[in-house]
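Each chain is listed here by its residues.
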Amino acid sequence: MIDILNAITLLANYIIVPSLAYGSQLALGALGITLVYAVLRFSNFAHGEMMSFGTMISIFTIWLFQSAGISIHPLPTALLAIPVSIMITIMLLLILDRTVFRYYQAQRVQPVTFMIVSVGVMFFLAGLIRFFIGTSKKNFADGERFIIKASEFKQITGLAEGVSIRTTQAITVIVTLVLVTAVFWFLNKTRTGKSMRAFSDNEDLALLSGIKPERVIIITWMLVGALAAVAGTLYGLDKGYKPFVYLQLVLPIFAAAIIGGVGNPIGAVIGGYVIAFSEAFITFAYKRFFTYLLPEEWAPEGLVQMLSTEYKFAVSFVLLVIVLLVRPTGLFRGKTL
Amino acid sequence: MTFFEGIGMHAGYGASMILNGCSISVDKGQIAVIVGPNGAGKSTAMKALFGMLPLREGSVFSDGRDITQLRPEQRVLLGMGYVPQTNNVFPSMTVLENLEMGGFVRRDDLSQTISEIFDLFPILKTKQNQAAGELSGGQRQQVAVARAMMTKPNILMLDEPTAGVSPIVMDELFDRIIDIANTGVAILMVEQNAKQALQIADIGYVLVQGENKFKGAGTALLNNPEVRQAFLGG
Amino acid sequence: MKLSIPSSSRKAVLLFALMLGALALVGVFQSWNLMLAILNLCLISAIMALGVNLQWGYAGLFNAGIMGFAALGGLAAMLVSKAPIMGAWQAGGFGVLLGVIIWIMSGILAYLIWLRFKGRRRYWYVIIIAGAGYILSRFVLDPAILRIESFEPASSGYLGGAGLPVLLSWGVGGILAGCVAFIIGKITLGLRSDYLAIATLGISEIVIFMFKNEDWLTRGVKNVTGIPRPVPYEIDLQSTIWFQDITDSVGMNVMQASSLFVKLCYTSLFLGVLLMLLWLCERALNSPWGRMMRAIRDNETAASAMGKNVTSRHLQIFVIGSAIVGIAGAMLVTLDGQFNPSIYHPLRFTFLIWVMVVVGGSGNNFGAILGGFIVWFFWIEAETIGNMLVYIITLPLSEGSALKEHFLSTAPQLRLLIMGLVLLLFLRFSPRGLIPERISNKA
């Protein structure tokens, strides 16, 4: 019995808790990509760098607060910085919309042209970010590190395995919950949100109904900016900020959005968690898990790992390919808001 | 002067002219029906009247005002409603939300209009929380018409409202359209089902190559042997 | 051989002349050695751009994973040319072969099942078989890989290659890249256009991850150096009598001359490949096949209504374009003489090629080549420009201030920003590039 509890605790510590946090970050990212897709109708490759930009602003703000001695210990200063980051990221996106994207919107170019434009924006932003903050890794999580440490957990429960929950993980999940709820409330309950969905559903009819496209697009970029800033900051808070990583993050985020059905916000959020949990389940070494559950003589020799951790990005790719083969519209029927 | 009219309209896409001087008019409470062979410019005439296609010549008047230069969304504010032939609902939104979007330009309370529309289309009331894309073809057309009614228009334009629905549903839709006309709305519609549509029409227009070929009361056109011969299949 | 430069494009000739002039300036003012080094990479870039231009310019396909195909070509160069390491083969060769056989068998089995069953079930069967095959293969692969990697890890630790002439690998690299492109294309073409972009982006990342981690195959980040050359070595030349005679008669330093000579050998090889591919591409473009491709690109709906199988045409061109990138990738590794998975950055190998195609003129092979030359040239020079810019911007900052230090250290990143800007500006103001596509008057 105690062995089973130990095994479950093991999974909770190494799979469930980290995946909830990572899944939340992906969910926010995928929600941003899906909103752009639903309203502006293109795959935004620059989204990763937009997240990175938001994180950079958060870090600068945190440094500013720290040097001014402002803190909200035991919570990380990042929570204070996020609103600033959201505002500046939104400003950046509105400038990009005005200077770059709007022109192509008016031309009604093919989605593939839009994609290249977004790739151009992606590299422009990447250069800008690295110029300002450099390429080295930055940890900006301050405040209390753990909500519960593995050793404390072991002491309380008397189990051999412990669950540790880092403050950043808890914050990630809570902030995501709040933000996602707010976005869905906005989309489903407010007049402006409904007009966004209408525009996504049927652009021509939305025009006939007197919905102004410029307004819808601006609101969309604002939402996307907020989501990107929060998603990026939470990811950096949890795992440390490295500008290069955000380029690679585009793949799991796209995979999450496609698995959920591109353009479908609920799907995007669920897709984020699907990707995170699959990565963890497939790259987890089950040796200790089986040692608890199986009789001693059956205990495995190797790590019992399906795929080494280096390949976790491959997991999202394989899932993506499977979805494209089996159900190209995604789990939740894409292309609506 | 009639309530709503387009006079001597010329319009087209690129080098090809579709409308060559046709004129259409309809008064409040009347139903006007445009019929004609394929490619005669029926739908184009509707688009031109609603400002979705710029006129090269001619003008459009509503309630005595020249609205030729107004954009479609401005015409909506003036009390014009338009139901496109296809893609005329927001498929992923509920029936109720479709109606709310129809009344998007209105800043006042919509609930009064919504309940009036539910009286007119009782089936929509029972389906109000269902996504419009999940409804049957006829119900979806009702949503489309209802959406356009949300601005309380005095001119309602319908582009082939009965395309692809069964004859029973068609009859029901026509009944609804007559009901709407009876509330004092001017109705202008393009129809493939020419015979049935002309039966309920106060005025009928037969369009050929972008010009008015015949014009007259619906029943008169139905009884006109030339029209019967050429356009109504005998 | 008919390489017809259209009479109308005097501009094209002028631009090419300017480009060569710029290279000559480098030769005169910096050094001919540097000039040839730049020229060789220009040629390779031009070939990659040619491949991508096929996909984008002819067919409108967005390949976001050029890096992966170039790396596959590079892998081929290494695997074909390096001598096999017998000890490693004895240690684990059998296990690896067995593992590969299991993969192939489960692949065939999965395919048969796919043909046999209909409906949703077959997806699950195929997934189960693939999964089972993978797990089974791990039982034989894992110990074999472990043995291979522990065989003289300081000098080898991998299986080595086939020990064949490296020139052969250029073709093999093309085939390898083409095969991967076929699989990706088969899955994603015919779906929405973004899926191809996302899938190629994904596969390119994964290919690089694999090369960095599968040490038994690639030595991972320990690099494989000393890839045999198709051209003579400087050392050998310097001790050759006839070469010494020639340099003496021209009055050149033997060391310098040998280095120049080797680079020139590469240049002529690369130029040969480029001209051959260009000729083939031009032939293709002006054949009914090429006209069909462009018709499909310009109006997919109309073309498919005419009964043309758009998806299979797209698949053809996607495979061919990727294969050309693979060839260029193999050439690059041959030139470098080493295979190092860490050099593959999406920026250098995907994005830069895109800039080349867009700047040069998508849909025009000469444009793509010109783009390859110009963009590579400026990529090298942009570093100097970026440094200068930062130097000027930071002038008001006091000497030795932390901020100034920081910006001077991150200045190389400005290249990215500049290239991003160049791409955006061209897309906006000159979307047809320097040498626009020739619009055939038959249309």
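Not measured: the values here are computed from a predicted model. Positions within a chain are numbered from 1, following the residues in the order the chain's sequence is written. Labels are handed out in written order, letters beginning with A for the chains and numbers beginning with 1 for the ligands. Only residues with pLDDT of at least 70 get local features here, since the model is predicted, and only at 80 or more are side-chain atom pairs given and counted; chain-wide, interface and lining totals rely on the full set of residues. As a rule here, side-chain values cover all heavy atoms of the structure and leave hydrogens and water aside.

Teacher, can you tell me more about the packing of aromatic side chains here?
For any pair of aromatic rings, the description rests on two quantities: the centre-to-centre distance and the angle between the ring planes. Stacked, tilted and edge-to-face pairs are distinguished by plane angle, under 30 degrees for stacked and over 60 for edge-to-face with tilted covering the rest, among Phe, Tyr and Trp rings (Trp via its six-membered ring) whose centres lie within 6.5 Å. A full pass over the atoms with the stated rule returns 35 aromatic pairs over all chains. Between Y22 of chain A and Y235 of chain A, the ring centres sit 6.4 Å apart and the planes meet at 45°, which makes this aromatic pair tilted. Remark: Y235 of chain A occurs in helix α9 (residues 213-239) and Y22 of chain A occurs in helix α1 (residues 2-40); sequence separation between them is 213 residues. Burial classes follow relative accessibility: with a 1.4 Å probe on protein chains only, a residue under 20% of its type's maximum area counts as buried, one over 50% as exposed, and anything between as partly exposed. For Y22 of chain A, a relative accessible area of 7% gives the class buried. Taking the centre distance of 5.8 Å and the plane angle of 70° together, the rings of Y286 of chain A and F289 of chain A count as edge-to-face. Like Y286 of chain A, the residue F289 of chain A is buried in the burial classification. Taken together, the aromatic side chains of F42, F101, Y103, Y104, F114 and W221 of chain A make up a single cluster linked through ring pairs. The residue whose ring lies beneath R415 of chain C is W379 of chain C, and the NZ or CZ to ring-centre distance is 4.0 Å. Numbering of helices and strands starts at the N terminus; helices are DSSP runs of H or I of at least 4 residues and strands are runs of E of at least 2. Note on criteria: charge over ring means Lys NZ or Arg CZ within 6 Å of the ring centre, with the direction from the centre no more than 35 degrees off the ring normal.

Please clarify how the interface of chain A and chain B should be interpreted in this entry.
Think of interface size as the accessible area that goes away when the parts come together; that is how it is often given. Should any heavy atoms of two residues lie within 4.5 Å, those residues are considered in contact. Across the contact, 17 residues belong to chain A and 22 residues belong to chain B. Of the roughly 1,700 Å² buried at the junction of chain A and chain B (both faces included), carbon and sulfur atoms supply 58%. Defined here as a combined quantity, buried area equals the accessible surface (1.4 Å probe) lost by two parts on assembly, summed across both. Of all residues in chain A, R191, L205 and L208 of chain A give up the largest surface area on contact with chain B, accounting jointly for 38% of the area buried on that side. We define a salt bridge as a side-chain nitrogen of Lys or Arg found within 4 Å of a carboxyl oxygen belonging to Asp or Glu. Our count for the contact surface shared by chain A and chain B stands at two salt bridges. For R197 of chain A, the salt bridge is made with E97 of chain B, and the minimal N-O distance between the two is 2.9 Å. Counting of polar contacts relies on pairs of N or O atoms within 3.5 Å, with two restrictions inside protein: one atom must be capable of donating a hydrogen and the other of accepting it, and residues adjacent in sequence are counted only when both atoms are side-chain atoms. The interface formed by chain A and chain B holds seven residue pairs in polar contact (both at pLDDT 80 or more) in total. Elements supplying a minimum of two residues to the side of chain A that touches chain B: α7 (191-201) and α8 (203-208) of chain A. For the side of chain A that touches chain B, the element with the highest residue contribution is α7 of chain A, accounting for six residues. Residue classes in the side of chain A that touches chain B are distributed as seven nonpolar, six polar and four charged. Under the convention adopted here, Pro, Cys and the residues Ala, Val, Leu, Ile, Met, Phe, Trp and Tyr are nonpolar, Asp, Glu, Lys and Arg are charged, and Gly plus all remaining residues are polar.

I'm lost on the pattern of salt bridges in this one. Help?
Opposite charge on two side chains permits them to pair, given that their charged atoms come into close proximity. Inspection of every chain in the model, using the stated rule, returns 16 salt bridges over all chains. Linking D238 of chain A and K239 of chain A is a salt bridge whose minimum nitrogen-to-oxygen distance equals 3.9 Å. For D238 of chain A, a relative accessible area of 9% gives the class buried. For D179 of chain B, the salt bridge identified is with R176 of chain B, shortest N-O distance 3.3 Å.

What is the right way to read the domain arrangement of chain C from this model?
All names here are of chain C. For chain C, the assigned domains read domain 1 (13-84 + 160-429) and domain 2 (85-159). For every domain, the bounds stem from an assignment made automatically or drawn from a database. For domain 1 versus domain 2, the separation of C-alpha centres amounts to 32 Å. Residue-level contacts link 13 residues of domain 1 with 14 residues of domain 2. Around 990 Å² of area is buried between domain 1 and domain 2 when both sides are counted, 57% of it from carbon and sulfur atoms. Among the residues of domain 1 in contact with domain 2, P84, W216 and R219 are the three that bury the most area, contributing 63% of the side total.

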